[in-house]
Amino acid sequence: MKAACIQMNISLCSKQENLERALSLAEEAVSKEAELLVFPEVFSTGFCYDRIAEVAESVSGPTLEALCDFSKEHGCILAGSMIEQRKRQLIGAEKPSPSQFNLGFCIECGKLAGIHRKTQLYGPEKEYFAFGDQIHPIQLQKYGLSIGLMVCNEIRYPEVARKLALEGADLLVSAADIPDFYLYPWRIMSLSRAVENQLLHIACNRVGNDKYSTYPGGSLIADGWGRVLAEAGKEECALIAEIDLEEAKEIRQTGSILEDRRPDLY
């Protein structure tokens, strides 16, 4: 199958503009037969802290609805991250916490297949987002795939990818918002998470700039040996690579990395 990173600029707080840009690049990707498309972190708004309550949506809101429509029309899989408005019953009265989640989502053929709320928040995110408290792969029907979805900063914690691998993920997907000063470490970690778990990794970063930073792109798609199948530069693009699911399965079965762990020692 073909996978794509939708490497896009994100205009801060401009939800409709970002959605149109994302879907335009997605159209390009599916026209080239991409079946699995990954968007950057908080692709529809950026980190719109000044208006976060206004731009936050539920999973039944217009952004995911538009993505579901696109996915249904093209029979494709979409993954990424957006700002989610928490349900009232999830907000505890005794220990008030932020009213939003950084929500990772995966959509398959017009339906929400699963979600992952970001567990490893970075810097000011901790003031605006509540912590997710679960890490599990998302099961898809197409090709029987199980997706290990990570949101940006989670890639810095090998335990996140390893838990996804131990629970049966067939490939890793990262939705990122990495600034220019951190591109080199992010690239190394993207390849490391692939190699240490023997899993394909589709790692999508954004481009452009906002009042917080400049974003260099560098999205990549790598196999379980860490071989880069496709890598983007600094411009907006739909980065596409052919991924061989049978070969990916063979790589996972080569050696015994997971079986030979010594959790009794560490």
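Only a predicted model underlies this, so the values are computations on that prediction, with no experimental measurement involved. (Residues numbered from 1 in each chain as written. Predicted model: local features only at pLDDT ≥ 70, side-chain atom pairs only at ≥ 80, totals over all residues. Heavy atoms only, no water.)

Is there a simple way to explain the pattern of salt bridges in this structure?
Note on pairing: side chains with opposite charge can pair once their charged atoms come close. Using the criterion set out here, one finds 20 salt bridges in the structure. Measuring nitrogen to oxygen at the nearest pair gives 3.2 Å for the salt bridge that ties Arg262 to Asp264. Taking the relative accessible area as the measure of exposure, Arg262 reaches 40% and is therefore partly exposed. We classify Asp264 as exposed; its relative accessible area is 58%. Because the salt bridges share partners, they merge into one network encompassing Glu17, Arg21 and Glu236. (Salt bridge = Lys/Arg side-chain N within 4 Å of Asp/Glu carboxyl O. Buried < 20%, exposed > 50% of the residue type's maximum accessible area, 1.4 Å probe, protein only.)

Would you mind showing me how to read a negative patch on the surface here?
Taken together, the side chains of Glu27, Glu65, Asp69 and Glu73 make up a negatively charged region of the molecular surface. For the negative patch, the element with the highest residue contribution is helix α3 (residues 62–74), accounting for three residues. Its location among the elements puts Asp69 in helix α3. (Patch = residues over 30% accessible without salt bridge, like charges linked within 9 Å, V, L, I, M, F, W, Y side chains within 5 Å. Areas by Shrake-Rupley, 256 points an atom, 1.4 Å probe, with all protein chains shown as cover. Lys, Arg positive; Asp, Glu negative; His and termini not counted. Charge placed at Lys NZ, Arg CZ, Asp CG, Glu CD. Helix = DSSP H or I, 4+ residues; strand = E, 2+ residues; numbered from the N terminus.)

Help me understand the sheet that holds strand β9 (residues 200–204), please; the structure alone is not making it clear to me.
Within a sheet, adjacent strands bond to each other through the backbone by hydrogen bonds, running parallel or antiparallel. In spatial order, the strands read β6-β7-β8-β9-β12-β13; together these six strands make up an open sheet with mixed pairing. What marks the edges here is a single partner per strand, and that holds for β6 (138–139) and β13 (228–231). Inspection of the sheet shows β6 paired to strand β7 (residues 146–151) by two bridges, in the antiparallel sense. Of the residues in β7, the one forming a bridge with Ile138 is Ile147. (Pairing = 2+ DSSP bridges.)

Looking at this model, I keep getting lost on the state of the cysteines. Mind explaining?
Disulfides are covalent bonds that link the sulfur atoms of two cysteine residues. Counting across every chain of the model gives one disulfide. One disulfide bridge connects Cys13 with Cys48, the sulfur atoms lying 2.0 Å from each other. Because the sign of the S-S torsion sets the handedness, a value of about 105 degrees for the bond joining Cys13 and Cys48 places this disulfide among the right-handed ones. Of this pair, Cys13 sits in the loop between β1 (2–7) and α1 (15–31) while Cys48 sits in the loop between β2 (34–38) and α2 (52–55), and the two are 35 residues apart along the sequence. For the residue pair Cys13 and Cys48, the accessibility class agrees, reading buried in each case. (Disulfide = S-S within 2.5 Å.)

What should I look at first to understand the sheet that holds strand β4 (residues 100–108) in this one?
With mixed pairing, six strands are arranged side by side in an open sheet as β5-β4-β3-β2-β1-β14. Across the chains shown, the open sheet's two edge strands, defined by having one partner strand only, are β5 (111–117) and β14 (237–242). For this sheet, the mean angle separating the axes of adjacent strands, direction not counted, is 30 degrees. For β1 and β14, the ladder comprises six bridges, and the chain directions are antiparallel. Looking at the pairing, Ile6 lines up with Ala238 of β14. (Axes fitted to C-alpha atoms, helices over the stretch in contact; angles between N-to-C directions.)

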